[in-house]
Amino acid sequence: MSDEDKKRPKERVYSEAEITERLNRDLPGWRYENGWIRRKYKTHGWKSTLMVINTVGHLAEAAWHHPDIAASYAWVEVKLTNHAAKGVTDKDFELARKIEDVIHWQPAKEGGALEGTPPTDQRFAYIKYD
């Protein structure tokens, strides 16, 4: 352990009850299971699945906090925990919030110049939004 690591304050690890309450309040699509907060994103196919994986990868690398990712043809599961702290911390909640905001972004609903993917043309279907 470096001197810099020793100087950092220990991160707060949340209890299961606190995690469940916070997920219900702030991240309702997420759940707590076996020490991880988790979210499964349903997609319309492999191309969309790869786009979700790359998006999560970019956000995780920028945040320097890396999830576990599992995927199949039409879904991606993201799992977060803080290995160094041995539990779920603010880092996990903050990265989950950023992932949620970016993956579920629908420009057409904002009323600006960006129209988003055409909702009536399945060739361009992307995420199966909640």
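Before any of the text, the structure's been laid out above.
These lines cover the structure that appears in this document, whether it is placed above or below. Please read these numbers as outputs of a predicted model, since none were measured by experiment. (Residues numbered from 1 in each chain as written. Predicted model: local features only at pLDDT ≥ 70, side-chain atom pairs only at ≥ 80, totals over all residues. Heavy atoms only, no water.)

## Some points on the nonpolar core
Selection rule: Nonpolar cores were defined as sets of buried Ala, Val, Leu, Ile, Met, Phe, Trp, Tyr and Cys residues, with membership established by side-chain atoms within 4.5 Å. Buried means the residue's accessible area, taken with a 1.4 Å probe over protein chains only, is under 20% of the maximum for its type, while exposed means over 50%, and partly exposed covers the values in between. In this description a helix means any DSSP run of H or I spanning at least four residues, a strand means any run of E spanning at least two, and both kinds are numbered starting from the N terminus. The contact rule is simple, with two residues in contact once any of their heavy atoms fall within 4.5 Å.
Trp-30, Ile-37, Val-78, Phe-93 and Ile-99 are the most contacted members of the largest nonpolar core, which has 22 residues in total. Of the residues forming this core, the biggest block, 5 residues, is contributed by helix H4 (residues 90-103). Setting aside chain neighbours within four positions, we find Ile-99 in contact with Tyr-41, Val-56, Leu-59 and Val-78.

## Regarding helix H3 (residues 46-63)
Convention followed: Here the expected span of a helix is defined as 1.5 Å times the quantity of residues minus one.
In this model H3 runs 26 Å from its N-terminal to its C-terminal C-alpha over 18 residues, within 8% of the 26 Å that 1.5 Å per residue would give. Looking at the buried residues of H3, the elements they touch are strand S3 (68-72), strand S4 (75-80) and H4. Looking one or two residues past H3, Trp-64 carries a phi angle of roughly 60 degrees, positive in sign.

## A closer look at the packing of helix H2 (residues 16-26) against H4
Formally: Lines are fitted to the C-alpha atoms to define the axes, a helix being fitted only along its stretch in contact, and any angle between axes, read from their N-to-C directions, falls within 0 to 180 degrees. Note on angle classes: values under 35 degrees are labelled roughly parallel, values over 145 roughly antiparallel, values of 65 to 115 roughly perpendicular, and the remainder oblique. It is the rotation of the near helix from the far one that decides the hand of a crossing: anticlockwise by less than a right angle makes it left-handed, clockwise makes it right-handed.
Following both chains from N to C, one finds H2 and H4 inclined at 20 degrees, their axes separated by 12 Å at the closest point. In terms of orientation, H2 lies roughly parallel with respect to H4. The two elements H2 and H4 cross, and the hand of that crossing is right-handed. Contact residues: Ile-19, Arg-22, Leu-23 and Asp-26 in H2; Asp-90, Phe-93 and Arg-97 in H4.

These values are about where atoms sit, not about what they do.
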